[in-house]
Amino acid sequence: ARSANDTLSFHVTVALATHDWTLAGNLSRLMQQKLVQIVNLRTSILPTIPTTTTTNFQNQLQRDIDQAMDMIRNEITAEVLRKDMECRIENHNR
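Just so we're clear, the structure is a prediction, and the values are computed from it rather than from any experiment. (Residues numbered from 1 in each chain as written. Predicted model: local features only at pLDDT ≥ 70, side-chain atom pairs only at ≥ 80, totals over all residues. Heavy atoms only, no water.)

Caption draft 1: Structural view of the overall build of the protein chain. Of regular secondary structure, the protein chain possesses three helices and zero strands. When the helices and strands of the protein chain are read in sequence order from the N terminus, they spell out α-α-α. Each of the 94 residues in the protein chain was classed as buried or not, and the buried ones make up 14%. By sequence separation, contacts in the protein chain at least 24 residues apart represent 75% of the contacts at least 6 residues apart. (Helix = DSSP H or I, 4+ residues; strand = E, 2+ residues; numbered from the N terminus. Buried < 20%, exposed > 50% of the residue type's maximum accessible area, 1.4 Å probe, protein only. Contact = heavy atoms within 4.5 Å.)

Encoded structure:
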């Protein structure tokens with residue numbers, strides 16, 4: 001806004017919380033960062049999904065999911081999320 005040098009002006013900034021600043025958004029981002037570290041989760045499952053469901057395929061898929069969930073439970077904690085948010089806020093306010 002523009003005002004004369006000898007007058008007062010009032011400015012307001014309105015910030016809306018977006019997905020980036022929600023718990024779901026931050027968990028999603030942290031989980032993706034962790035999950036891409038597991039090599040077998042980075043490969044496409046589309047060419048390997050059989051046309052008829054097999055026990056072996058489902059068992060392997062379940063093991064991969066269990067491995068991913070265990071890693072997430074162990075590595076993404078409230079403390080990790082808090083520290084990550086502090087860092088993001090600090091970078092955001094630079």
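Caption draft 2: Structural context of helix 1 (residues 23-35). Between its terminal C-alpha atoms helix 1 stretches 18 Å, which fits the 18 Å expected from 13 residues at 1.5 Å a residue. Inspection of helix 1 places Gly25, Asn26 and Leu30 among the buried residues, and these make up the whole buried set. Relative to the axis of helix 1, the buried residues are bounded by an arc of 125° and lie together on one face. Among the exposed residues of helix 1, those oriented more than 90 degrees off its buried face are Leu23, Ala24 and Gln32. Elements in contact with the buried residues of helix 1: helix 3 (78-92). (Expected span 1.5 Å × (residues − 1). Arc of directions from axis to C-beta.)

Caption draft 3: Representation of the layout of surface pockets in the model. In this model, the largest pocket occupies a volume close to 240 Å³. Forming the walls of the largest pocket are 13 residues, and the residues nearest its centre are Asn40, Leu41, Ile45, Leu61 and Asp64. Partitioned by chemical class, the residues of the lining of the largest pocket number seven nonpolar, five polar and one charged. (1 Å grid on protein atoms, 1.4 Å probe; cavity = no way out; pocket = protein on both sides within 12 Å on 5 of 7 lines; lining within 4 Å. Points joined across faces, edges and corners; volume = space filled by probe spheres on them. Nonpolar A, V, L, I, M, F, W, Y, C, P; charged D, E, K, R; others polar.)

Caption draft 4: Layout of the confidence of the model for the protein chain. With 89% of its residues at a pLDDT of 70 or more, the protein chain shows a mean pLDDT of 85. Per-element confidence in the protein chain is highest for helix 1, whose mean pLDDT is 93, and lowest for helix 2 (residues 55-75), whose mean pLDDT is 89. (pLDDT = per-residue confidence, 0-100.)

Caption draft 5: Representation of the packing of helix 1 against helix 2 within the structure. Packing of helix 1 against helix 2 leaves a shortest axis separation of 10 Å and a crossing angle of 120°. Here helix 1 lies oblique to helix 2, going by the angle between them. Taken as a pair, helix 1 and helix 2 cross one another with a handedness that is right-handed. Here Met31, Lys34 and Leu35 of helix 1 come into contact with helix 2, specifically with Ala68, Met71, Ile72 and Glu75. A class-by-class count of the residues in the contact of helix 1 with helix 2 yields five nonpolar, no polar and two charged. (Axes fitted to C-alpha atoms, helices over the stretch in contact; angles between N-to-C directions. Parallel < 35°, antiparallel > 145°, perpendicular 65-115°, else oblique. Left-handed = near helix turned anticlockwise from the far one by under 90°.)

Caption draft 6: Molecular detail of the nonpolar core. Counting residues in each nonpolar core, the largest one holds five residues, listed as Leu30, Ile72, Ile76, Leu81 and Met85. If we ignore the near neighbours within four places in the chain, the residues touching Met85 are Trp21 and Asn26. (Core = buried A, V, L, I, M, F, W, Y, C linked by side-chain atoms within 4.5 Å.)

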